Amino acid sequence: MAPLDQTRKASRQAAPGDTGIASRLLAWYDAHHRDLPWRITPGAFAGGARADPYRVWLSEVMLQQTTVEAVKAYFRNFVEKWPTVEALAAAPAEDVMKAWAGLGYYSRARNLKACADLVALRGGHFPDTEAGLRELPGIGAYTAAAIAAIAFDRPAAVVDGNVERVMTRLHSIETPLSEAKPEIRALVEKLVPQTRPGDLAQAMMDLGATICTPKRPRCMLCPVREDCSAVLTGDPERFPVRVPKDDKPLRKGAAFVAERGDGAILLRKRPEKGLLGGMTEVPTTGWTARIDGATTADAAPFSADWRRAGQIGHVFTHFALELEIFHAPVKGEAPDGHFWSLAHEISGEALPTVMKKAIEAAIPGATKKQRPH
DNA sequence: AACTCGGGGTG
DNA sequence: CACCCAGAGTT
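Since the structure is predicted, the reported quantities are computational estimates derived from the model, not experimental observations.

Here is what the cut-offs are and how they apply
- Residues numbered from 1 in each chain as written.
- Chains lettered and ligands numbered in written order.
- Predicted model: local features only at pLDDT ≥ 70, side-chain atom pairs only at ≥ 80, totals over all residues.
- Helix = DSSP H or I, 4+ residues; strand = E, 2+ residues; numbered from the N terminus.
- Buried ≥ 20, exposed ≤ 12 C-beta atoms within 10 Å, placed from the backbone.
- Contact = placed C-beta atoms within 7 Å.
- Near = placed C-beta within 6 Å.
- Nonpolar A, V, L, I, M, F, W, Y, C, P; charged D, E, K, R; others polar.
- Core = buried A, V, L, I, M, F, W, Y, C linked by C-beta atoms within 7 Å.
- Domains from an automatic or database assignment.
- Expected span 1.5 Å × (residues − 1).
- Arc of directions from axis to C-beta.
- Pairing = 2+ DSSP bridges.

Caption draft 1: Summary view of the overall build of chain A. Helix and strand counts for chain A stand at 15 helices and six strands. With the principal axes as the frame, chain A shows a C-alpha extent of 75 × 50 × 45 Å. For chain A, the residues scored as buried account for 35% of the 373 residues in total. Long-range pairs, those at least 24 residues apart, make up 65% of the contacts in chain A with a sequence separation of at least 6.

Laid out in structure tokens, this is it:
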């Protein structure tokens, strides 16, 4: 992890007017980069090696609004199951959804599969330009730039949440984040070097993740603290400036836990689109925005002797949920659209956490793994 | 431009 | 608990 040859090269080739920020970031990256499953080492890059576009794409999609720690295990599992984009294209969509279960934002998995299918039709080769990548499903402005820079060595401006934080602090940008994006992009474009653009992007992301953190940034360890306007004024944590968020709406609903008596519970598959699209769940009502204490079993998706079994609350990023739980013994065939599944195996199904809690509320211990005695 | 979409890590 | 995370698609 010692500084490498290309560090000096990057310094020498720094654009006129470059204060040296890019060079210092690259040198810091050589010494302090995170070691991540989808990365090749900067040393290998110097030898002419490039990251596998498939692995870069897969990791970038998984990392959309998802933390590195959460992604690692899923990434390893995916590349083991499907080592190439052709292998992923050949897989049943259902298997892909199942492997994605637990990561969240399930439209990403649907787009991932659709994208793999398209790329396989192109002979398994991803487009090697930002514009070409941008046309594929699930690849937006950020991901197109990231793949172009990291996998294809294109000098693209890669702007994610980390980069926004680093840049707004470097320049003490007081404009709220939503309005400041064009300005941030322009600043990043000026910073991108002709050599090692992918490493610069990853350097800024690593800096944002380990030094220039949202809370309590470690400015004393920062390689560009001398260039940072916010360090000079003494309050880097103030950036980026955001507009205050609206209060979270409270959503109410009811969930129905039907138990067969042999450990099986009635489940169904959600619609492909919308919240938790394509996932398995306990039957529920839709959202009921207003408080209605009279939410009764009349709203149940099928007839049974429903008894109120409790209530659970859960705070999501975007709303708070209050769920009434109803429980009933049910025999016979599963109604249309529903199917029986063993409760203790539910953790292996694509079942949201809240629904697992709902089952636990109605039938304590139902979702615990059964252990042979 | 504003909403919607999840689960998890962090201070 | 509040905030945020290698954002994208829809309206």
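Caption draft 2: Seen up close, the protein's contact with DNA strand C. Taken together, 30 residues sit near DNA strand C, with Leu 63, Gly 140, Thr 143, Asp 160 and Met 205 positioned nearest. Put simply, the parts of the chain that give the surface near DNA strand C at least two residues each are helix H4 (53-62), helix H10 (141-152), helix H11 (161-170) and helix H13 (197-210). If one sorts the elements of the surface near DNA strand C by residue count, H13 sits on top with four residues. Looking at the surface near DNA strand C residue by residue, the classes come out as 12 nonpolar, 14 polar and four charged.

Caption draft 3: Local environment of the nonpolar core. Counting 89 residues, the largest nonpolar core has Leu 25, Ile 147 and Val 257 as its most contacted members. Top contributing element to this core by residue count: H10, with nine residues. A domain split of this core shows at least three residues from each of domain 1 (5-238) and domain 2 (250-362). Excluding residues that lie within four positions of it along the chain, Val 257 makes contacts with Ile 265, Val 282, Ala 309, Ile 325, Phe 326, His 327, Ala 358, Ile 359, Ala 362 and Ile 363.

Caption draft 4: Summary view of the domain arrangement of chain A. Under the domain assignment, chain A is made up of domain 1 (5-238) and domain 2 (250-362). In this complex, domain 1 contributes five residues to the contact, which on the side of domain 2 involves five residues. Looking at side-chain class alone, the side of domain 1 that touches domain 2 contains three nonpolar, one polar and one charged residues.

Caption draft 5: Spatial organisation of helix H8 (residues 107-121). The end-to-end C-alpha distance of H8 is 21 Å, a good match for the 21 Å that 15 residues give at a rise of 1.5 Å each. Turning to H8, its buried residues are Ala 109, Leu 112, Lys 113, Cys 115, Ala 116 and Val 119. Projected down its long axis, H8 carries its buried residues within an arc of 165 degrees, all on one side. Buried positions along H8 lie against H4, helix H6 (85-90) and helix H7 (93-100). In the segment just after H8, Gly 123 is the residue with positive phi, at about 85 degrees.

Caption draft 6: Geometry of H13. When the terminal C-alpha atoms of H13 are compared, their 20 Å separation across 14 residues agrees well with the 20 Å that a helix rising 1.5 Å per residue should span. For H13, the secondary structure elements touched by its buried residues are helix H2 (21-32), helix H3 (42-46), H10 and H11.

Caption draft 7: A look at unusual backbone geometry. With an omega of -5 degrees, the peptide bond between Phe 239 and Pro 240 qualifies as cis. Position of Pro 240 among the secondary structure elements: in the loop between helix H14 (229-233) and strand S1 (250-259). If you check the backbone angles, Tyr 105 has positive phi at about 45 degrees while not being a glycine. Position of Tyr 105 among the secondary structure elements: in the loop between H7 and H8. Under the C-beta neighbour-count criterion, Tyr 105 is labelled partly exposed, with 14 such atoms within 10 Å. Of note, Asp 153 is a non-glycine position whose phi angle comes to about 60 degrees, a positive value. Within the secondary structure layout, Asp 153 lies in the loop between H10 and H11.

Caption draft 8: Region of interest: the environment of Ala 157. Mapping Ala 157 onto the fold places it in the loop between H10 and H11. Each C-alpha atom, one on Ala 157 and one on Leu 266, is 49 Å from the other, the two residues being 109 residues apart in sequence.

Caption draft 9: Representation of the pairing of strand S4 (residues 307-315) in the model. Relative to strand S5 (residues 320-329), S4 is paired through eight bridges, and the arrangement is antiparallel. Across the sheet, Val 315 pairs through a bridge with Ala 320, a residue of S5. Counted between consecutive antiparallel strands, the loop separating S4 from S5 contains four residues.

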